[in-house]
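Structural features, examined
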Amino acid sequence: MTVRIVIALGGNALLARGESPDAGIQLKHVRVAAEAIAPLAASHDVLICHGNGPQVGLLALESETDPALNCPYPLDDLVAQTQGMIGYWLAQALRNAGVGKPIVAMVTQTLVDSADPAFSAPTKFVGPGYPRERARELADVHGWTIAADGGRWRRVVASPEPHRIIEQHSITALLDSGIVVIAGGGGGAPVAEDTAGALRGVEAVVDKDYVAALLGIAVGAQRLMVLTDVAGVMINYGTPQSAQLTEVDLHELANMQFPAGSMGPKTEACRRFVSATGKPATIGALDDAPALFAGTAGTTIRLRREPSRNRN
Ligand code: ADP
Ligand code: MG
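Residues numbered from 1 in each chain as written. Chains lettered and ligands numbered in written order. Predicted model: local features only at pLDDT ≥ 70, side-chain atom pairs only at ≥ 80, totals over all residues. Heavy atoms only, no water.

**Structural notes on the sheet that holds strand β8 (residues 164-165)**
- Read across the open sheet, the four strands follow the order β8-β4-β10-β11; overall the sheet is mixed. Among the strands making up the open sheet, the edge pair consists of β8 and β11 (199-201).
- Of the pairings in the sheet, the one linking strand β4 (residues 109-111) to strand β10 (residues 189-193) comprises three bridges and is parallel in character. Its bridge partner lying in β10, Thr110 is registered against Pro190. (Pairing = 2+ DSSP bridges. Helix = DSSP H or I, 4+ residues; strand = E, 2+ residues; numbered from the N terminus.)

Listed below in structure tokens is the structure:
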């Protein structure tokens, strides 16, 4: 049976922490990602929503230090640039990995509210991690807000709630006609509507996990798969008592807390998808994509957990 699957593909899966952001290095990861996703894309309706945290941060830093510019490019423009580049890489790599169907990478816009409180409280990590002192220097020079991501410090930008994907009907139409779609990349270029109904780009990076959930609901997906660089959701993460959760229901999830900017948006995206659709969502490692789909790896979040299935 063909299942409609939305895949949220982590930006960190395309560039490991600490790696140099060279195109060639990212392309190698893109190939690995495409090979993991290809078997699913061959037999199901697949919509891929990729991240862009490391990539958009690099473009922002380049733009801020480009002597030819009077003013750096706004973040919405840079998100659109990353959609083009990563979408191109993924479309090519999926084809080369044997996906025989047509594949389309779209540049998409995500509607946000310009009065969203997120504009005054940045949470979204972009760019590389630095030692604390170096991050402070860069923050002074460029006017960044910075926050700790594990042991490193990174720039954080505003990440408002996505309300609607402007192109969602076109995305559905493409999926309905058997096309593999790459859309909502980097959360989509964030736009707000003015009183006359015109769209304008805003300075933000929307979380791609939330956009994947929203798109999943909009296109009638039966499954959300959040592919990242950890095997699943852990309790007591980062402590000797850490253990991976196999299955969690929405009631159990409501009593757990995860860090903003990393696992938090993934579990919240799954909660939104599962509560809106009643269908399951899975979080796990990119390399395990087919096993995650089969339910033999990762963490699956359901409306109600089957009593026979217990945590590890
Ligand atoms: P992506 O690029 O895939 O969105 P993120 O860095 O945003 O990746 O989120 C994945 C990271 O979340 C993991 O690499 C891990 O370090 C971190 N993390 C935080 N809390 C947890 C947890 N409870 N279980 C698993 N991973 C966690
Ligand atoms: Mg993330």
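**Some remarks on the site of ligand 1**
- Among the 18 residues in the neighbourhood of ligand 1, the closest are listed as Thr228, Asp229, Met234, Tyr237 and Lys266.
- Here Arg17 contributes a side-chain N or O atom positioned 2.9 Å from an oxygen atom of ligand 1.
- Between an oxygen atom of ligand 1 and a side-chain N or O atom of Tyr237, the distance comes to 2.8 Å.
- Protein chains shield 89% of the accessible area of ligand 1, which is 580 Å² for the free molecule.
- Counting only elements with at least two residues in the shell around ligand 1, the list comes to α1 (11-14) and α9 (263-277).
- Partitioned by chemical class, the residues of the shell around ligand 1 number seven nonpolar, seven polar and four charged. (Near = heavy atom within 4 Å. Polar contact = N/O pair within 3.5 Å; in protein donor to acceptor, adjacent residues only side chain to side chain. Areas by Shrake-Rupley, 256 points an atom, 1.4 Å probe, with all protein chains shown as cover. Nonpolar A, V, L, I, M, F, W, Y, C, P; charged D, E, K, R; others polar.)

**Quick look at the UniProt feature "domain: Aspartate/glutamate/uridylate kinase" (unreviewed entry) in the protein**
- Look at the UniProt record and you will see "domain: Aspartate/glutamate/uridylate kinase" (unreviewed entry) annotated at residues 4-283.
- Within the segment residues 4-283, helix and strand shares are 39% and 23% respectively, and the terminal C-alpha atoms sit 17 Å apart. (UniProt positions renumbered as here; feature names shortened; annotations may be inferred.)

**Here's the deal with the pattern of salt bridges**
- Going through the model one piece at a time under the given rule, you end up with 15 salt bridges.
- When the shortest N-O distance is used, the salt bridge between Arg271 and Glu268 registers 2.8 Å. Of this pair, Arg271 and Glu268 both sit in helix α9, three residues apart, which is roughly one turn of that helix.
- Overlapping salt bridges, with partners in common, bring together Arg17, Asp149, Arg154 and Asp229 in one network. (Salt bridge = Lys/Arg side-chain N within 4 Å of Asp/Glu carboxyl O.)

**Here we look at unusual backbone geometry**
- With a phi close to 50 degrees, Asn236 is a non-glycine residue in the positive phi region.
- You can see Asn236 is positioned in the loop between β13 (234-235) and β14 (243-244).
- Taking the relative accessible area as the measure of exposure, Asn236 reaches 43% and is therefore partly exposed. (Buried < 20%, exposed > 50% of the residue type's maximum accessible area, 1.4 Å probe, protein only.)

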